[in-house]
Amino acid sequence: HTHTHHASMAEGTKGAGLAPGPFRPCIDIHDGKVKQIVGGTLRDGDAGGGDGSADTNFESDRGAGEYARMYAAAALRGGHVIMLGASNASRAAALEALAAYPGGLQIGGGVTAETAAELIAAGASHVIVTSYVFRDGDIDFGRLEQLRDAVGGKQRLVLDLSCRRVAGTSSEASTSTPVYKVVTNRWQKWTDFEVNADTLATLASYCDEFLVHGVDVEGLKAGIEEPLVAILGQSSPIPVTYAGGVRSLADLDLVYRLGQGRVCATVGSALDIFGGDLKYIDVLAWHTRKRQEKQQ
């Protein structure tokens, strides 16, 4: 009985005017604090219930709920809250963010078929799943179906694909397009799963959106994975949010252009609200401008 309930709720919130625009905000939580970390440096948690170590770019003195209220005030939809570890402190902070902006945020980080429904009940628009659906280097479609059913349908599910460029598939001298494969387990384990039109089409039948991380550039503020964004723009049949290396309005423009207006961008440590130089209000203005252009 909950399935029809979920479906009607989701359809009710999907008005054209409410479609998320080209900028997607984020709230990354580690040990209960809002942080920005360097992508490949997160290690597994310790036995004491902490979240494990990570190289940190930024730690905020403002709570997750405060960020959520700020995004709500700007009517920014489809942002993501990521728990970078399974500590109670991180979970509490994430729930605080969801409560502050019901229906406006997606949540990810260790989500399983057992925990997904309660996160939707707590106010998440979608749950984001990562390593849980990849096992032994390949997609576990059984788990993907369990998750989809647990949240009442694919319209509540976002699939998180962390991607790395396969070494040797493209160099400055070569004209071949780089190959990207999904990595799991905190970006430490390679899968055989290549990101291309076929694989994206297969996965799109199980979820509402993709969240794609360019892991090699994430947290370094050194520019984006251009070929990856181009692949997404050409090949993804559903909305995609790209994260990794965005540091300027020019980078946002590049994601928009390479992604053919179909790839949204997340900005992490480059944003002033996370200790960087790029002004959040400038990004908001860019976002509004792009939305208006699209509607004309």
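Here is what the cut-offs are and how they apply
- Residues numbered from 1 in each chain as written.
- Predicted model: local features only at pLDDT ≥ 70, side-chain atom pairs only at ≥ 80, totals over all residues.
- Heavy atoms only, no water.
- Helix = DSSP H or I, 4+ residues; strand = E, 2+ residues; numbered from the N terminus.
- Contact = heavy atoms within 4.5 Å.
- Areas by Shrake-Rupley, 256 points an atom, 1.4 Å probe, with all protein chains shown as cover.
- Buried < 20%, exposed > 50% of the residue type's maximum accessible area, 1.4 Å probe, protein only.
- Pairing = 2+ DSSP bridges.
- Core = buried A, V, L, I, M, F, W, Y, C linked by side-chain atoms within 4.5 Å.

A. Representation of the overall build of the protein chain within the structure. What the protein chain contains, in helices and strands, is nine helices and 14 strands. The contacts of the protein chain with a sequence gap of at least 6 include a subset with a gap of at least 24, amounting to 66%. When the accessible area of the protein chain is evaluated, it comes to approximately 12600 Å², of which 50% is carbon and sulfur surface.

B. Representation of the pairing of strand β12 (residues 209–214). Taken across its six residues, β12 has six buried, putting it largely inside the fold. Residues Glu209, Leu211 and His213 line one face of β12 and the alternating positions Phe210, Val212 and Gly214 line the opposite face, and both faces are buried. Bridge count for strand β9 (residues 157–165) against β12 is six bridges, and the pairing is parallel. Its bridge partner lying in β12, Ser162 is registered against His213.

C. Expanded view of the nonpolar core. Membership of the largest hydrophobic core comes to 78 residues, with the highest contact counts inside it found for Ile27, Tyr71, Leu161 and Phe210. In contact with Phe210, not counting residues within four places along its chain, are Val158, Leu159, Leu161, Leu200, Leu203, Ala204, Ser236, Ile238, Pro239, Val240 and Thr241. Listed in part, the seven residues of the second largest apolar core include Ile37, Ile82, Leu84 and Ile128.

Structural measurements only, silent on function.
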